[in-house]
Amino acid sequence: MDGTILCIETSTDVCSAAVYKDGGVALYRLSESGSNHSQLLPRYIDELTKECRDRGYAIDAVAVSGGPGSYTGLRIGVSTAKGLAYGLGVPLVAVPTLEILCERVLQTETIPAGALLCPMMDARRMEVYTALYDTALREVTGVHARVVENGDWLPDREVLFFGNGAAKCRGVMESDKARAIDGIQTDARYMGRLAARYINEGKTADTAYFEPFYLKEFVAAPSHIKGLE
């Protein structure tokens with residue numbers, strides 16, 4: 001697809017939005033300041049859509065990180081993206097969050113021939129949301145939640161693991177065949193090419209009924225306010 005895609009990524013503590021146009025990132029906003037997406041994202045969207053109007057860009061699609069990830073973050077990003085897609089009358093594209101992490105590695109790192117990609121999103125304690133992909137982003141193992149106690153579940157080939165769940169797994173996973181890549185986080189700058197591919201393949205989401213892929217049910221923490229336990 002040659003066009004303009006507004007990309008939204010809020011699946012972790014990082015909040016980002018970008019405008020992907022004709023094969024590259026034209027505009028971009030990001031904050032790593034924590035879980036304040038409900039304040040930051042509307043501002044980013046307002047700024048980016050205004051800049052698009054000023055530059056004469058017509059938004060052709062809206063892409064959003066579809067999960068897994070933070071329950072609250074995904075809800076904010078998806079509800080915003082659905083409203084924008086409906087209001088603009090353009091397609092909604094849901095990009096799997098783990099693929100976004102892989103895309104960042106593919107664009108910024110040197111990948112050994114034959115290596116597998118193992119994105120990891122923190123799911124508390126020693127649990128992560130993960131999957132295995134080859135360098136063409138074909139799934140080798142599907143997306144699942146895993147308690148990481150060792151690296152015995154990895155195939156007998158080189159594996160690169162990364163994401164905000166990778167650091168806590170280094171001590172039990174790193175070996176001569178499993179290597180961690182630091183500093184890889186979810187980022188809207190790496191959504192555009194994936195979103196364009198999904199659009200070209202006809203894989204758009206239903207704007208009215210799409211729901212994020214949470215992977216696990218949300219469980220509310222007990223209230224600490226007297227009378228609301």
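Look up a bit, the structure's there.
Residues numbered from 1 in each chain as written. Predicted model: local features only at pLDDT ≥ 70, side-chain atom pairs only at ≥ 80, totals over all residues. Heavy atoms only, no water.

Description of the overall build of the protein
Alright, step 1. When you go through the protein residue by residue, the secondary structure sums to 5 helices and 10 strands.
Alright, step 2. Since a compact globule built from 229 residues should have a radius of gyration of about 17 Å, the 18 Å found for the protein is in line with a globular shape.
Alright, step 3. Seen through its principal axes, the protein has C-alpha atoms that stretch 55 × 50 × 30 Å.
Alright, step 4. Counting over 229 residues, the protein shows a buried share of 48%.
Alright, step 5. Long-range contacts, defined as pairs at least 24 residues apart, comprise 64% of the intrachain contacts of the protein with a sequence gap of at least 6.
Alright, step 6. In the form shown here, the protein has an accessible surface area of approximately 11200 Å², with 48% of it arising from carbon and sulfur atoms.
Alright, step 7. Taken together, the 24 basic and 30 acidic charged side chains of the protein have centroids lying 2 Å from each other. (Helix = DSSP H or I, 4+ residues; strand = E, 2+ residues; numbered from the N terminus. Rg over C-alpha atoms; globule rule 2.2 N^0.38 Å. Buried < 20%, exposed > 50% of the residue type's maximum accessible area, 1.4 Å probe, protein only. Contact = heavy atoms within 4.5 Å. Areas by Shrake-Rupley, 256 points an atom, 1.4 Å probe, with all protein chains shown as cover. Lys, Arg positive; Asp, Glu negative; His and termini not counted. Charge placed at Lys NZ, Arg CZ, Asp CG, Glu CD.)

A few points about the sheet that holds strand 3 (residues 24-31)
Alright, step 1. As summarised here, the arrangement of the 5 strands in space is 3-2-1-4-5, forming an open sheet in which the pairing is mixed. Two strands bound the open sheet, and with one partner strand each, they are strand 3 and strand 5 (92-95). The mean angle between the axes of side-by-side strands here comes to 15°, regardless of whether they run parallel or antiparallel.
Alright, step 2. Here 7 bridges tie strand 2 (residues 15-21) to strand 3, and the two strands are oriented antiparallel to one another. For alanine 17, the partnering residue across the bridge sits in strand 3 and is arginine 29.
Alright, step 3. The sheet contacts of helix 1 (residues 37-55) involve strand 1 (4-9), strand 2 and strand 3, and relative to strand 3 the element is tilted by about 155°.
Alright, step 4. Here helix 2 (residues 71-88) sits on the sheet in contact with strand 1, strand 4 (61-65) and strand 5, set at roughly 170° to strand 4. (Pairing = 2+ DSSP bridges. Axes fitted to C-alpha atoms, helices over the stretch in contact; angles between N-to-C directions.)

Topic: helix 5 (residues 192-200)
Alright, step 1. Inspection of helix 5 places Gly192, Leu194, Ala195, Ala196, Tyr198 and Ile199 among the buried residues, and these make up the whole buried set.
Alright, step 2. Residues of helix 5 that are buried in the fold lie against strand 1, strand 2, strand 4, strand 5 and helix 3 (97-108).
Alright, step 3. After helix 5 finishes, the residue glycine 202 shows a positive phi value of roughly 75°.

What about the nonpolar core?
Alright, step 1. Formed by 32 residues in total, the largest nonpolar core has its most connected members in Ile5, Ala63, Val95, Leu117 and Phe162.
Alright, step 2. In this structure valine 95 touches Ala63, Val64, Ser65, Gly66, Ile100, Met191, Leu194 and Ala195, once residues within four positions along its chain are discounted. (Core = buried A, V, L, I, M, F, W, Y, C linked by side-chain atoms within 4.5 Å.)

Comments concerning the pairing of strand 5
Alright, step 1. Across the two faces of strand 5 the burial is the same, with Leu92 and Ala94 and Val93 and Val95 all buried.
Alright, step 2. Two elements, strand 4 and strand 5, share 4 bridges in a ladder whose sense is parallel. Counted as the bridge partner of alanine 63 is valine 93 from strand 5.
Alright, step 3. In this region the chain leaves strand 4, passes through helix 2 and returns to the parallel neighbour strand 5; the handedness of that crossover is right-handed. (Right-handed = clockwise from strand over helix to strand, strands pointing away.)

Considering the packing of aromatic side chains
Alright, step 1. One pass over the structure, following the stated rule, counts 1 aromatic pair.
Alright, step 2. The residue whose ring lies beneath lysine 21 is tyrosine 57, and the NZ or CZ to ring-centre distance is 4.8 Å.
Alright, step 3. Across from the ring centre of tyrosine 198, 5.7 Å away, lies the NZ or CZ of lysine 203, which sits over that ring. (Phe/Tyr/Trp six-rings, centres within 6.5 Å; stacked < 30°, edge-to-face > 60°. Lys NZ or Arg CZ within 6 Å of the ring centre and 35° of its normal.)

A short note on the packing of helix 1 against helix 2
The axes of two packed helices give the description: the angle between them and the distance between them.
Alright, step 1. The N-to-C vectors of helix 1 and helix 2 enclose an angle of 30°; their axes lie 10 Å apart at closest approach. One finds that helix 1 runs roughly parallel with respect to helix 2. Considering only the axes of helix 1 and helix 2, their crossing is right-handed. Contacts between helix 1 and helix 2 involve His37, Ser38, Leu41 and Ile45 from the former and Gly73, Ile76, Gly77, Thr80 and Leu84 from the latter.
Alright, step 2. Looking at the contact of helix 1 with helix 2, its residues break down into 4 nonpolar, 5 polar and no charged. (Parallel < 35°, antiparallel > 145°, perpendicular 65-115°, else oblique. Left-handed = near helix turned anticlockwise from the far one by under 90°. Nonpolar A, V, L, I, M, F, W, Y, C, P; charged D, E, K, R; others polar.)

Points about a nonpolar patch on the surface
Alright, step 1. On the surface, Met126, Val147 and Val172 cluster together into a nonpolar patch covering about 210 Å² of accessible area.
Alright, step 2. Relative to the assigned elements, valine 147 resides in strand 8 (residues 139-147). (Patch = residues over 30% accessible without salt bridge, like charges linked within 9 Å, V, L, I, M, F, W, Y side chains within 5 Å. Salt bridge = Lys/Arg side-chain N within 4 Å of Asp/Glu carboxyl O.)

Some thoughts on the sheet that holds strand 8
Alright, step 1. Read across the sheet, 5 strands follow the order 8-7-6-9-10 without closing on themselves; strand pairing throughout is mixed. Of all strands in the sheet, those with a lone pairing partner are strand 8 and strand 10 (178-180), marking the two edges. If you compare each strand with its neighbour and ignore which way they point, the axes differ by 20° on average.
Alright, step 2. In this sheet, strand 9 (residues 159-162) lies alongside strand 6 (residues 116-122) in parallel orientation, the contact comprising 4 bridges. Across the sheet, the residue bridging to proline 119 is phenylalanine 162, located in strand 9.
Alright, step 3. Relative to strand 6, helix 3 is tilted by about 125°, and along the sheet it contacts strand 6, strand 7 (127-133), strand 8 and strand 9.

Fair warning: the whole summary comes from geometry, so function is off the table for now.
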